[in-house]
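Remarks on the overall topology
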Amino acid sequence: MSVTSNFKVADLKLADKGRLRIEWAESRMPVLMALREKYKDSKPFKGHRIAGCIHVTKETAVLVRTLRAAGAEVSWSGCNPLSTQDDVAAALAAEGTSIYAWHGLSKEEFYWAIEKTLEFKPTLTLDDGADLIFTVHSKFPQLARDVYGGTEETTTGVHRLRAMAADKKLLYPVIAINDSETKWDFDNVYGTGQSSLDGILRASSVLIAGKTFVVAGYGHCGRGVALRAKGMGANVVVTEIRPTAALKATLEGYRVMPMDEAAKIGDIFITATGMKDIIVGRHFDSMKDGALVCNTGHYDCEINLVDLEARMKGKREIRDSNEEYVLKDGRRIYVLGQGRLINLAAAEGHPSEVMDMSFANQFLGLLKLAKDGKTLDKKVYELSPEQDQEIAFTKLATMGIGIDKLTAEQAKYATDYSAGT
Ligand code: ADE
């Protein structure tokens, strides 16, 4: 472990490798890099201290570098025990970033790291899952006085924060980055879709074609996973609790059924619901020998591993991120990534190209809070639709794609309610 008063990372000697990975991500994140260029001289975050708690990946490093270039002091931790890329954390530490993150930390170490980032008394917070902001509210509420606002990256975190706001418990305003269209409609769908398949393949290297692939939850993430699994030739089965989502999945060509039935026929299972206990003991009881089980929701509560352990004779790690549970009746169930986010536990998370838009939203959300946070109500906000269109427009431009513009005549038609047949 490499430790100073400013950081704790696995091994500082990994910094060179991490730096190259960050440079690779920078070459794929033109929107965020344009923001770095735009704000590097005016330094709008000067005087601001940003505490961040989000997966420590090469893409996050590009965001951290951009915030620092725009004048912020930052202190960082990871938001999942298995998602930190140790070489990236080392590179950030080596370039002077305060960071407390390493792969495989325990629950106690996880919260220790979050608390370390609060020591410099942040003026802004950035979350992915709301653990940092919840720590401020539950353990250090006095810190909230100096905080202009916070941002939240993910669906699960936004749910937690909206519940806190409804209870009038929020001590400062929050921007739900997840709710920007250029976040949820890209990161959650195409990012989760590709990277979850990537995680399953790295952990198992099984053939996807011809397999019965069960996706629990048909929200944006589940939709992305189903789309990619289908594209690789799987027979996709969807389980849901919401009638509209189940209907959408049906009309998009998937079989929909309760998990009790899907459990009997699935070869590969992935949970993407944000809810606990999606796969429990009775499902393990009816699974086929050799079934693969994993999760891509934020927390590791979707697959009940306590139930699985109660049924096992023994387990062993058969390859990286892949544990073979041998059940008392001899069947084998393979759990990938310990039931934690498979795309980050076994692969590298979403590709840089989608994180480019998510993190452009993060940067602009923090900028808004740095400017206006003290005058906003203590509630959950979203970025404006105009901001979304601007990010999408810039992204398209970096991809060399042009689009049409409304003519003056069309603009008039759009608001003319008297025009009929
Ligand atoms: N969440 C999912 N993928 C990610 C990535 N590459 N970086 C940071 N957070 C993520």
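Residues numbered from 1 in each chain as written. Predicted model: local features only at pLDDT ≥ 70, side-chain atom pairs only at ≥ 80, totals over all residues. Heavy atoms only, no water.

Moving on, we get to the packing of aromatic side chains. Inspection of the entire model under this criterion finds 7 aromatic pairs. With 5.0 Å between their ring centres and 85° between their planes, phenylalanine 110 and tyrosine 111 make a pair best called edge-to-face. With centroids separated by 6.3 Å and ring planes inclined at 40°, the aromatic side chains of phenylalanine 186 and tyrosine 190 adopt a geometry described as tilted. Of this pair, phenylalanine 186 and tyrosine 190 both sit in helix H8 (residues 181-204), 4 residues apart, roughly one helical turn. A residue is classified by how much of its surface remains accessible, and tyrosine 190, at 35% relative accessible area, is partly exposed. An aromatic cluster of three or more residues is present, and its members are Tyr39, Phe45 and Phe363. (Phe/Tyr/Trp six-rings, centres within 6.5 Å; stacked < 30°, edge-to-face > 60°. Helix = DSSP H or I, 4+ residues; strand = E, 2+ residues; numbered from the N terminus. Buried < 20%, exposed > 50% of the residue type's maximum accessible area, 1.4 Å probe, protein only.)

This part covers the packing of helix H6 (residues 131-139) against helix H7 (residues 155-166). At a minimum axis separation of 10 Å, H6 and H7 run at an interaxial angle of 30°. Taken as axis vectors, H6 and H7 run roughly parallel relative to one another. Contacts between H6 and H7 involve Asp131, Ile133, Phe134 and His137 from the first element and Arg160, Leu161 and Met164 from the second. Here the contact of H6 with H7 is built from residues that sort into 4 nonpolar, 1 polar and 2 charged. (Axes fitted to C-alpha atoms, helices over the stretch in contact; angles between N-to-C directions. Parallel < 35°, antiparallel > 145°, perpendicular 65-115°, else oblique. Contact = heavy atoms within 4.5 Å. Nonpolar A, V, L, I, M, F, W, Y, C, P; charged D, E, K, R; others polar.)

The next thing to look at is the domain arrangement of the chain. You can read the domains of the chain as domain 1 (2-185 + 350-398) and domain 2 (189-345). Centre-to-centre separation of domain 1 and domain 2, based on C-alpha positions: 29 Å. Counting residues at the interface gives 19 residues for domain 1 and 18 residues for domain 2. Here domain 1 and domain 2 share an interface that buries about 1400 Å² over both sides, 60% of which is from carbon and sulfur atoms. Linking domain 1 to domain 2 there are 0 salt bridges. The interface formed by domain 1 and domain 2 holds 8 residue pairs in polar contact (both at pLDDT 80 or more) in total. Here the residues of the side of domain 1 that touches domain 2 are counted per class, giving 6 nonpolar, 9 polar and 4 charged. (Domains from an automatic or database assignment. Buried area = accessible area lost by both parts, 1.4 Å probe. Salt bridge = Lys/Arg side-chain N within 4 Å of Asp/Glu carboxyl O. Polar contact = N/O pair within 3.5 Å; in protein donor to acceptor, adjacent residues only side chain to side chain.)

Bringing the site of the ligand into the picture now. Neighbouring the ligand are the residues His55, Thr57, Glu59, Thr60, Leu344, Glu348, Gly349, His350, Met355 and Phe359. The contact in question runs from a nitrogen atom of the ligand to an N or O atom on the side chain of threonine 57, over 2.7 Å. Between the ligand and glutamate 59, the relevant distance is 2.9 Å, taken from a nitrogen atom to a side-chain nitrogen or oxygen of the residue. Taking 260 Å² as the accessible area of the ligand by itself, protein coverage stands at 95%. Taken together, the elements giving at least two residues each to the shell around the ligand come down to helix H3 (58-69) and helix H15 (352-372). For the shell around the ligand, the per-class residue count stands at 3 nonpolar, 5 polar and 2 charged. (Near = heavy atom within 4 Å. Areas by Shrake-Rupley, 256 points an atom, 1.4 Å probe, with all protein chains shown as cover.)

Right, let's get into the side chain of aspartate 356. Residue placement: aspartate 356 occurs in helix H15. Residue classification places aspartate 356 among the buried positions, given a relative accessible area of 0%. Within the structure, the side chain of aspartate 356 is placed 2.9 Å from the backbone nitrogen of leucine 32, a separation counted as a polar contact.

To continue, consider the pairing of strand E7 (residues 149-152). Side-chain positions along a regular strand alternate between the two faces of the sheet. Residues Gly149 and Thr151 of E7 are buried on one face, and the alternating residues Gly150 and Glu152, pointing to the opposite face, are buried as well. Note: strand E6 (residues 124-127) against E7, 4 bridges, orientation parallel. When the sheet's bridge partners are listed, leucine 126 is paired in E7 with threonine 151. Regarding topology, H6 serves as the crossover connection from E6 to the parallel E7, and that connection is right-handed. Bridge analysis of E7 against strand E8 (residues 174-176) gives 3 bridges, and the strand direction is parallel. Bridge assignment links glutamate 152 to a residue of E8, and that residue is alanine 176. (Pairing = 2+ DSSP bridges. Right-handed = clockwise from strand over helix to strand, strands pointing away.)

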